[in-house]
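# Commentary on secondary and tertiary structure
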Amino acid sequence: DQQVKQNSPSLSVQEGRISILNCDYTNSMFDYFLWYKKYPAEGPTFLISISSIKDKNEDGRFTVFLNKSAKHLSLHIVPSQPGDSAVYFCAASARRYGGATNKLIFGTGTLLAVQP
Amino acid sequence: EAGVAQSPRYKIIEKRQSVAFWCNPISGHATLYWYQQILGQGPKLLIQFQNNGVVDDSQLPKDRFSAERLKGVDSTLKIQPAKLEDSAVYLCASSLAFKNEKLFFGSGTQLSVL
């Protein structure tokens, strides 16, 4: 059962344009969401997060939007740069309901290619 | 500040052999995680330690996988005997505080079981 889904395996965008990466979740207990970025041969690195009490969080060129009713979040990168080319993972946790742990459930990732 | 260190980077073994991976987390990080990432999938948590105690090992195949974190610092993950389906990247991560989802990952160990 895939609780966090990234239905687009890949996305190609021109440099300077907006990149929009999407993520859907099925577990209504998830209340904290994160995006991680992964370059080849490296481990994932934390990018940005959002709590379910918000619907938007911004950090420089990166903005995450959360639509709780649709169980959907998206990551916007504006403007996109060639160095943003990487695999982006969406992840979720159930902070209030996680019990002893806050286990992260990851999506399958979206490969973003930003063309110069 | 040094990141999470893992070794080896690559390992090729035959099925039914044993293998061990090593991880040294960021200094001062009390929580340590081992994740398995199969090709085309997202990372899946195998085991989580808080200092040297196990917090969550619900997804660890305990008949063949074992992990320990001696003295609450370094950790080793062992597979014995390995199966073909264990081919994956094994990622170690650490976090500063318990229940902190901002994880710092190592570069991983790519395991191929032939």
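Summary of the structure given here. Model, not experiment: these values are computed from the prediction. (Residues numbered from 1 in each chain as written. Chains lettered and ligands numbered in written order. Predicted model: local features only at pLDDT ≥ 70, side-chain atom pairs only at ≥ 80, totals over all residues. Heavy atoms only, no water.)

### Focus: the overall build of chain B
- When its secondary structure is counted, chain B shows zero helices and 11 strands.
- Relative to the globule expectation of 13 Å for 114 residues, the C-alpha radius of gyration of chain B, 13 Å, shows essentially globular dimensions.
- Along the first, second and third principal axes, the C-alpha atoms of chain B reach 40 × 25 × 25 Å.
- Taking all 114 residues of chain B together, 44% fall into the buried category.
- Residue pairs at least 24 apart in sequence account for 53% of intrachain contacts in chain B once pairs closer than 6 positions are excluded. (Helix = DSSP H or I, 4+ residues; strand = E, 2+ residues; numbered from the N terminus. Rg over C-alpha atoms; globule rule 2.2 N^0.38 Å. Buried < 20%, exposed > 50% of the residue type's maximum accessible area, 1.4 Å probe, protein only. Contact = heavy atoms within 4.5 Å.)

### With respect to the overall build of chain A
- Within chain A, the regular secondary structure consists of zero helices and 11 strands.
- Ordering the α and β elements of chain A from the N terminus gives β-β-β-β-β-β-β-β-β-β-β.
- Over its C-alpha trace chain A gives a radius of gyration of 14 Å, about what one expects of a compact globule, namely 13 Å for 116 residues.
- The dimensions of chain A, computed from C-alpha atoms along their principal axes, are 45 × 30 × 20 Å.

### Examining the interface of chain B and chain A
- Contact residues are listed per partner, giving 23 residues for chain B and 21 residues for chain A.
- Taken over both partners, the interface formed by chain B and chain A buries close to 1,700 Å², and the fraction arising from carbon and sulfur atoms is 54%.
- Of all residues in chain B, the largest losses of buried area upon contact with chain A belong to K99(B), E101(B) and F105(B), amounting jointly to 35% of the total for that side.
- Seen at the junction of chain B and chain A, the total is one salt bridge.
- Across the pair K103(A) and D56(B) runs a salt bridge, and its minimum N-O distance is 3.5 Å.
- Taken together, the elements giving at least two residues each to the side of chain B that touches chain A come down to β4 (31-37), β5 (44-50) and β6 (53-56) of chain B.
- Of the residues contributing to the side of chain B that touches chain A, the split by class is eight nonpolar, 10 polar and five charged. (Buried area = accessible area lost by both parts, 1.4 Å probe. Salt bridge = Lys/Arg side-chain N within 4 Å of Asp/Glu carboxyl O. Nonpolar A, V, L, I, M, F, W, Y, C, P; charged D, E, K, R; others polar.)

### Thoughts on a nonpolar patch on the surface
All names here are of chain A.
- Together, I18, I20 and V78 make up an exposed nonpolar region whose accessible area comes to about 230 Å².
- Checked against the element boundaries, I18 lands in the loop between β2 (10-14) and β3 (19-25).
- Looking at I18, the relative accessible area reads 41%, which means it is partly exposed. (Patch = residues over 30% accessible without salt bridge, like charges linked within 9 Å, V, L, I, M, F, W, Y side chains within 5 Å. Areas by Shrake-Rupley, 256 points an atom, 1.4 Å probe, with all protein chains shown as cover.)

### Concerning the pairing of β6(B)
Residues and elements named next belong to chain B.
- In terms of strand pairing, β5 meets β6 through three bridges, oriented antiparallel. The residue of β6 that forms the bridge with Q48 is D56.
- Linking β5 back to β6 in an antiparallel pair, the connection comprises two residues, with N51 at a positive phi of about 55°. (Pairing = 2+ DSSP bridges.)

### Some points on the sheet that holds strand β3 (residues 19-24) of chain B
Residue and element names in this part refer to chain B.
- One open sheet accounts for four strands, arranged β1-β3-β8-β7; its pairing is antiparallel. In this open sheet, the two edge strands, each paired with only one partner strand, are β1 (5-7) and β7 (65-68). In this sheet, adjacent strand axes meet at a mean angle of 15° when their direction is disregarded.
- One ladder, built from five bridges, connects β3 with strand β8 (residues 75-79); its direction is antiparallel. Counterpart to W22 in the pairing with β8 is T76. (Axes fitted to C-alpha atoms, helices over the stretch in contact; angles between N-to-C directions.)

### Digging into the sheet that holds strand β1 (residues 4-5) of chain A
All names here are of chain A.
- Spatial strand order, β1-β3-β8-β7-β6: five strands in an open sheet with antiparallel pairing. Because the sheet does not close on itself, it has two edges, and the strands there are β1 and β6 (56-59).
- As paired strands, β3 and strand β8 (residues 72-77) are joined by six bridges and run antiparallel to one another. Across the sheet, residue D24 finds its bridge partner in β8, namely H72.

### Structural notes on the state of the cysteines
Residues and elements named next belong to chain A.
- As enumerated under the stated definition, the model contains two disulfides over all chains in all.
- In this model, C23 is linked to C90 through a disulfide, with the two sulfur atoms separated by 2.1 Å. Looking down the S-S bond of the C23 and C90 bridge, the torsion is -75°, so its handedness is left-handed. One end of the pair, C23, is in strand β3; the other, C90, is in strand β9 (residues 86-93), and 67 residues separate them in sequence. (Disulfide = S-S within 2.5 Å.)

By themselves, these are just geometric observations and shouldn't be taken as functional.
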